Amino acid sequence: MRITQFLQKNGYESFNLTVASADASFRKYYRLSKGDKSFLVMDSSLEKESLTPFLDVTKRLVHTGVNVPKIYAQDLEKGYLVIEDFGNTHLLSQLTQKNFKTLYTKAIDEIIKMQKTDANELPLYDKAFLHFEMDLMHEWYLEKKLGISLTRAESEIVESTLNTISDTVLTQPQNIFVHRDYHSRNIMVQENGELGIIDYQDAMSGALTYDLVSLLKDCYISFDREAILELVLYFRDQVAPEVSDGEFIKWFDFMGMQRHIKVLGIFSRLHLRDGKDGYLKDIPLTLHYTLDAAQRYYETQELAKLLTRLTQ
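Bear in mind that the values here come from a model prediction, so they are computed numbers and not experimental data. (Residues numbered from 1 in each chain as written. Predicted model: local features only at pLDDT ≥ 70, side-chain atom pairs only at ≥ 80, totals over all residues. Heavy atoms only, no water.)

Engineer: Teacher, can you tell me more about the overall build of the chain here?
Structural biologist: Broken down by element type, the chain carries 11 helices and nine strands. A compact globule built from 312 residues would reach a C-alpha radius of gyration of about 20 Å, and the chain, at 20 Å, matches this within 12%. Taken along its principal axes, the extent of the C-alpha atoms in the chain is 65 × 45 × 40 Å. Per-residue burial over the chain gives 53% buried out of 312 residues. Across the chain, every contact between residues at least 6 apart in sequence was considered, and the portion connecting residues at least 24 apart equals 72%. Measuring between centres, the 36 positive side-chain charges of the chain sit 4 Å from its 45 negative side-chain charges. (Helix = DSSP H or I, 4+ residues; strand = E, 2+ residues; numbered from the N terminus. Rg over C-alpha atoms; globule rule 2.2 N^0.38 Å. Buried < 20%, exposed > 50% of the residue type's maximum accessible area, 1.4 Å probe, protein only. Contact = heavy atoms within 4.5 Å. Lys, Arg positive; Asp, Glu negative; His and termini not counted. Charge placed at Lys NZ, Arg CZ, Asp CG, Glu CD.)

Engineer: Would you take a moment to explain helix α11 (residues 301–311) for this structure?
Structural biologist: Each full turn of the α-helix corresponds to 3.6 residues, which orients residues three or four apart in the same direction. When α11 is considered as a whole, its buried residues turn out to be Leu-303, Ala-304, Leu-306, Leu-307 and Leu-310. Angularly, the buried residues of α11 cover 165° about the axis, an arc narrow enough to put them on a single face. Of the exposed residues in α11, those oriented more than 90 degrees away from the buried face are Glu-302, Lys-305 and Arg-309. On its buried side, α11 packs onto α5 (127–145), α6 (152–169), α9 (245–272) and α10 (283–294). (Arc of directions from axis to C-beta.)

Engineer: Would you mind going over the packing of aromatic side chains with me for this structure?
Structural biologist: Aromatic rings in a pair are described by how distant their centres are and how their planes are angled relative to each other. Within the structure shown, the criterion is met by 17 aromatic pairs. Consider the rings of Tyr-12 and Phe-15, whose centres lie 5.5 Å apart with planes at 65°: the pair is edge-to-face. The class of Phe-15 is buried, set by a relative accessible area of 13%. Pairwise contacts between aromatic rings join Tyr-12, Phe-15, Phe-39 and Tyr-72 into one cluster. One Lys or Arg, Lys-144, reaches over the ring of Trp-140 and ends 3.9 Å from the middle of that ring. Just above the ring of Tyr-220 sits the side chain of Arg-185; from NZ or CZ to the centre is 3.7 Å. (Phe/Tyr/Trp six-rings, centres within 6.5 Å; stacked < 30°, edge-to-face > 60°. Lys NZ or Arg CZ within 6 Å of the ring centre and 35° of its normal.)

Engineer: Looking at this structure, how should I read the pairing of strand β2 (residues 28–34)?
Structural biologist: Here is the key point about a regular strand: its side chains alternate between the two faces of the sheet. When β2 meets strand β3 (residues 37–43), the two strands line up antiparallel, connected through seven bridges. Paired with Lys-28 across the strands is Asp-43, a residue of β3. From the end of β2 to the start of β3, which pair antiparallel, there are two residues, and Gly-35 there has a positive phi angle of about 60°. (Pairing = 2+ DSSP bridges.)

Engineer: How should I be thinking about helix α4 (residues 100–114) in this particular structure?
Structural biologist: Here α4 contains 15 residues, and its C-alpha end-to-end distance of 20 Å stays within 8% of the 21 Å for a straight helix at 1.5 Å per residue. What α4 keeps buried is the set Phe-100, Leu-103, Tyr-104, Ala-107, Ile-108, Glu-110, Ile-111, Ile-112 and Met-114. (Expected span 1.5 Å × (residues − 1).)

Engineer: Could you clarify how one ought to interpret the nonpolar core in this entry?
Structural biologist: In globular proteins that are soluble, nonpolar side chains generally tend to be buried together. Counting 91 residues, the largest nonpolar core has Tyr-104, Leu-212, Leu-215, Leu-216, Ile-228 and Phe-248 as the members making the most contacts within it. Looking at which element gives the most residues to this core, the answer is α9, with 12 residues. Filtering out sequence-adjacent residues up to four positions away, Leu-216 remains in contact with Tyr-104, Ile-108, Ile-228, Leu-231, Val-232, Phe-252 and Tyr-289. With 12 residues, the next largest nonpolar core counts Phe-6, Leu-7, Phe-15 and Ala-73 among its residues. (Core = buried A, V, L, I, M, F, W, Y, C linked by side-chain atoms within 4.5 Å.)

Engineer: Explain the pairing of β3 here, please?
Structural biologist: The element β3 is largely enclosed, with a buried count of five among its seven residues. Inspection of the sheet shows β3 paired to strand β5 (residues 80–84) by five bridges, in the antiparallel sense. Its bridge partner lying in β5, Met-42 is registered against Leu-81.

Engineer: Explanation requested: the pattern of salt bridges in the structure shown.
Structural biologist: It is possible for side chains bearing opposite charge to pair when their charged atoms get close. Applying the stated criterion to the full structure yields 23 salt bridges. As a salt-bridge pair, Lys-70 and Glu-84 come within 3.7 Å of each other at their nearest N and O atoms. In this pair, Lys-70 sits in the loop between α2 (51–64) and β4 (71–75) while Glu-84 sits in strand β5, placing the two residues 14 residues apart along the sequence. Judged by relative accessible area, Glu-84 falls into the buried class, the value being 16%. (Salt bridge = Lys/Arg side-chain N within 4 Å of Asp/Glu carboxyl O.)

Engineer: Looking at this model, I keep getting lost on the environment of Thr-64. Mind explaining?
Structural biologist: Inspection of the secondary structure puts Thr-64 in helix α2. Residues Thr-64 and Thr-161, spaced 97 residues apart in sequence, show a C-alpha to C-alpha distance of 37 Å. Setting aside residues no more than four positions away along its own chain, Thr-64 makes contact with Lys-113, Lys-116 and Thr-117.

Engineer: Just to check I follow, could you spell out unusual backbone geometry for this structure?
Structural biologist: Negative phi characterises most residues that are not glycine, and trans characterises most peptide bonds. Unusually for a residue other than glycine, Glu-121 sits at a positive phi of about 70°. Here Glu-121 lies in the loop between α4 and α5.

So, in structure tokens, the structure goes:
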């Protein structure tokens, strides 16, 4: 077994190897343990190309002072890393009605720190890529999961509204470091209470509110909108105090529509193509976020009506 050879070569042959987790990609994680020592093995042997960006982004984040896993051993050719073990406690498991504001505030402070990271030469979240992502909803959610073929008029509503969404997203500050999947399953709560950030290898250069949306409109958990908007404006006060409440909340909502329209397609594809059914239960909340935001703005109300009719 290649992974065993990699561990022997790097001095971990006496450690116990157990399965830690798998994620929505083709990566797997194993825990190495011996006495009070513990490390993680990232097995990217099925997508080796993800390791180079992981190492690049890790360096960038370390330089900014973001708490990301240390890297102890690597074999890029075979697709393995040994990295620091942040434990088993995801932010998701710690969030409650009583503490979410405190924990989210802490996580927002990490976004503010991350956004100081050098985003030069990272892939651009430009208009073409925003649409590449949103088009996943049509293909994988509407057509393949729900079996819906849009009429020409319905297709024009979708196309026109998605164009408005991307235009609005691009009015906010750009060329900012974007983690791209900054939600409660990718934030670890360590024993000392500090937050550890993981799964950032797909980082891009994009919009100011993207990571904020990933955190506060999390597809795995939700809280009262009014309380969430207080946190949105807390972030605004740190990064763009000159922007009005209404404009900043619109940026947040339109960024959220872009992300959740994409995620409807992603979750459907994970089920249909990859056989990962665990994400099906998260589609209703993702759809709720999409419709709730779309109903609030005249530019997107036609899409809200269309999706409501198609998904009832």
